Every structure is written in structure tokens, then in C-alpha cells.
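# Structure at a glance
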Amino acid sequence: MKLASTYNVYRDGTKVASGLTSKTYTDSDLIPATAYEYHVTAENEHGESGPSNTVTVTTDEPHEPPEEPGGLSSTGNTDTTVDLGWN
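Residues numbered from 1 in each chain as written. Predicted model: local features only at pLDDT ≥ 70, side-chain atom pairs only at ≥ 80, totals over all residues. Heavy atoms only, no water.

## Re the overall build of the protein
This is how it is decided: For the purposes of this entry, the term helix denotes a DSSP run of H or I that reaches at least four residues, the term strand denotes a run of E that reaches at least two, and both are numbered from the N terminus. With the radius of gyration taken over C-alpha atoms, the globule rule is written as 2.2 Å times the number of residues to the power 0.38. When accessible area is computed with a 1.4 Å probe and restricted to protein chains, residues below 20% of their type maximum are described as buried, those above 50% as exposed, and intermediate ones as partly exposed. Contacts are assigned to residue pairs with any non-hydrogen atoms lying within 4.5 Å of each other.
Secondary structure assignment for the protein yields 0 helices and 7 strands. For the protein, the N- to C-terminal ordering of α and β elements is β-β-β-β-β-β-β. In terms of overall size, the protein is more extended than a compact globule, its C-alpha atoms giving a radius of gyration of 25 Å where 87 residues would be expected to give roughly 12 Å. With the C-alpha coordinates aligned to their principal axes, the bounding extent of the protein is approximately 80 × 25 × 20 Å. Sorting the 87 residues of the protein into buried and exposed places 17% on the buried side. Residue pairs in contact within the protein that sit at least 24 positions apart in sequence constitute 35% of those at least 6 positions apart.

## Observations regarding the nonpolar core
Most often, soluble globular proteins keep nonpolar side chains buried together rather than apart. Rule in force here: Each nonpolar core is a collection of buried residues, namely Ala, Val, Leu, Ile, Met, Phe, Trp, Tyr and Cys, held together in the definition by side-chain atoms within 4.5 Å.
Among the nonpolar cores identified, the biggest contains 6 residues, and these are Tyr7, Val9, Ala17, Leu20, Tyr36 and Tyr38. Within the residue set of this core, elements represented by two or more residues are β1 (6–11), β2 (14–20) and β3 (35–44). Residues in contact with Ala17, not counting those within four places in the same chain, are Tyr7, Asn8, Val9 and Tyr25.

## Here's the deal with a nonpolar patch on the surface
Test applied: Patch membership requires over 30% relative accessible area and the absence of a salt bridge. Like charges are linked within 9 Å, and nonpolar side chains (Val, Leu, Ile, Met, Phe, Trp, Tyr) within 5 Å. Using a 1.4 Å probe, the Shrake-Rupley method yields the accessible areas, and only the shown protein chains count as cover for residues. Salt bridges are identified by distance alone: a Lys or Arg side-chain nitrogen within 4 Å of an Asp or Glu carboxyl oxygen.
Residues Leu72, Val82, Leu84 and Trp86 make up a contiguous nonpolar surface patch of roughly 470 Å² in combined accessible area. Structurally, the position occupied by Trp86 is in the segment after β7 (82–85).

## Side note on the pattern of salt bridges
For the structure shown, the criterion picks out 1 salt bridge. A salt bridge links Asp27 to Arg11, with the nearest nitrogen and oxygen atoms 2.7 Å apart. On the criterion of sequence distance, the pair formed by Asp27 in the loop between β2 and β3 and Arg11 in strand β1 is long-range, its members being 16 residues apart. Owing to a relative accessible area of 18%, Asp27 belongs among the buried residues under this scheme.

Structural data, given as C-alpha cells:
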């Protein structure tokens with residue numbers, strides 16, 4: 001059995017990482033709520049292996065920002081300050 005010296009990660013058929021020595025990888029800057037297919041290959045001085053099994057992962061839905069505050073009003077002021085209040 002030949003041991004791998006590095007690993008390559010493919011997303012949707014395109015190599016997105018190479019020369020990895022760790023058996024973990026974090027892919028970032030992806031689109032929310034989108035499915036991606038990944039596979040990994042091993043590499044050593046004799047070449048690159050065939051692909052691993054394929055895993056399909058869907059990124060989470062985007063997180064919604066909170067609702068806007070309502071009822072903004074001035075609750076007082078002086079010649080150098082303004083007091084604000086809202087719900």
C-alpha cells in the first residue's frame with residue numbers, strides 16, 4: 001500500500017485545494033443555500049490517486065438580520081445633546 005504525502009480537494013470537478021498534509025479542509029466564500037459536490041484525491045511522488053467517494057453538501061440558508069427598530073423619537077435635547085428612544 002502506497003502512502004499519500006498530500007491531498008487535493010475538488011469542488012464540482014474543479015480543484016480548490018492542493019498539497020494538503022492534513023486530512024481536513026474548510027471551503028469558504030460559498031453561496032448560501034447552494035449544493036456543492038466534493039471529492040478528494042491522494043498524491044505522492046508517483047502521482048495522483050483516483051477520486052474518493054463524492055459527498056454533496058448544501059450550505060445553510062442565509063441568516064436574516066433583525067427587524068428594524070421602530071418608534072424612533074427624541075426624548076429630550078439641550079443645546080449640545082439629543083436624547084433618542086425607540087422600541
